[in-house]
Amino acid sequence: MTVLTLAKIARDNVGAACSIAVEPHQESYVAPVARSLAEAYAQPEIAWPRLILDDGEPVGFVMGGFDPDCPIDYFRCGIWRLNVAAGRQGKGYGRFAVEAVLDEARRRGRRRATVLWVPGEHGPEAFYLRLGFRDTGAVHDGQHIGEIGL
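Sequence order sets the numbering: in each chain, residues are counted from 1 along the sequence as written. Only residues with pLDDT of at least 70 are given local features in this predicted model, and only at 80 or more are side-chain atom pairs given and counted; all residues enter the totals for whole chains, interfaces and linings. In computing side-chain values, all of the structure's heavy atoms are included and hydrogens and water are not.

An unreviewed UniProt entry lists the protein chain under the name Acetyltransferase, from Amycolatopsis azurea DSM 43854.

Structure (structure tokens):
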């Protein structure tokens, strides 16, 4: 049995985080981890970046965003990024990471979380819908907006 954990991004694991790469056919659906970390660095009070570990081995990256005062309601609480390494998908890492972000949202007293996805054959829409998100029908910059009650 493996032990899944999340780790804060720090000096000793930032390289491992940046080396996480999704399957080539998924690259147009999610930003690279390095870009996500740059965005987190620029807004550390909002971004919640974490490395996904399986028995201490890096297998993915997730970043939540928590900005309760954001004027755009679907950016107040949610999943900003999820990158599960190529060859490591389908093993529950994504579900674990999403549930961890949702747990953090609950801990912060939030009642709703969102996620945005680019629609397409290799996109993550079906994954998020299986986890209980529903498509709101709204679109932001070409991305569909999903939400889940907490």
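1. Some points on the overall build of the protein chain
Check the secondary structure of the protein chain and you find four helices and seven strands. Strands here mean DSSP runs of E at least two residues long; helices mean DSSP runs of H or I at least four residues long; both are numbered from the N terminus. In the protein chain, the succession of helices and strands from N to C terminus is β-α-α-β-β-β-α-β-α-β-β. Projecting the C-alpha coordinates of the protein chain onto the three principal axes gives extents of approximately 35 × 35 × 30 Å. Exposure categories follow from relative accessible area, calculated using a 1.4 Å probe and restricted to protein chains: below 20% of the type maximum is buried, above 50% is exposed, and the middle band is partly exposed. Taken over 150 residues, the protein chain has a buried fraction of 41%. Looking at the protein chain alone, contacts between residues at least 24 apart form 62% of all its contacts between residues at least 6 apart. Should any heavy atoms of two residues lie within 4.5 Å, those residues are considered in contact.

2. Brief notes about helix α3 (residues 93–107)
Take the residue count of a helix, subtract one, and multiply by 1.5 Å to get its expected span. With 15 residues, α3 should reach 21 Å at 1.5 Å per residue; the first-to-last C-alpha distance of 21 Å fits that figure. Within the sequence span of α3, burial applies to Y93, G94, A97, V98, A100, V101, L102, E104 and A105. Directly after α3, the chain includes G109, whose backbone phi takes a positive value near 85 degrees.

3. So, the pattern of salt bridges
Every case where a carboxyl oxygen of Asp or Glu lies within 4 Å of a side-chain nitrogen of Lys or Arg is listed as a salt bridge. All chains considered together, the criterion is met by ten salt bridges. In this structure, E39 engages R81 in a salt bridge whose closest nitrogen and oxygen atoms are separated by 3.1 Å. With E39 in helix α2 (residues 33–42) and R81 in strand β4 (residues 77–84), this pair connects stretches of sequence that are 42 residues apart. The class of E39 is partly exposed, set by a relative accessible area of 21%. Taken together, the shared-partner salt bridges in this structure form one network comprising D73, R112, R134 and E147.

4. Some details on the UniProt feature "domain: N-acetyltransferase" (unreviewed entry) in the protein chain
UniProt positions are given in the numbering used here, feature names are shortened, and annotations may be inferred rather than shown by experiment. The feature "domain: N-acetyltransferase" (unreviewed entry), as annotated in UniProt, sits at residues 4–150 in this numbering. In residues 4–150, the share of helix is 24% and the share of strand is 35%. The end C-alpha atoms are 22 Å apart.

5. What about unusual backbone geometry?
Positive phi outside glycine occurs at D55, with the angle close to 50 degrees. Mapped onto the elements of the fold, D55 is located in the loop between β2 (47–54) and β3 (57–66). In this structure, D141 is a non-glycine residue whose phi angle is positive, near 50 degrees. Relative to the assigned elements, D141 resides in the loop between β6 (134–140) and β7 (143–149). Since its relative accessible area comes to 71%, D141 is described here as exposed.

6. Description of the state of the cysteines
Whenever a pair of cysteine sulfur atoms sits within 2.5 Å, that pair is classed as a disulfide. Using the criterion set out here, one finds zero disulfides in the structure. As a non-bridged cysteine, C70 has C77 as the owner of its nearest cysteine sulfur, 12 Å distant.

7. Structural notes on the side chain of N83
Checked against the element boundaries, N83 lands in strand β4. The class of N83 is buried, set by a relative accessible area of 2%. Here A31 takes part through its backbone oxygen, which lies 2.9 Å from a polar atom of the side chain of N83. What N83 contacts, discounting residues up to four positions off in sequence, is I20, V22, V30, A31, P32, V33, G60 and F61. Polar contacts here mean pairs of N or O atoms no more than 3.5 Å apart (in protein, one a potential hydrogen donor and the other a potential acceptor; neighbouring residues in sequence count only if both atoms are side-chain atoms).

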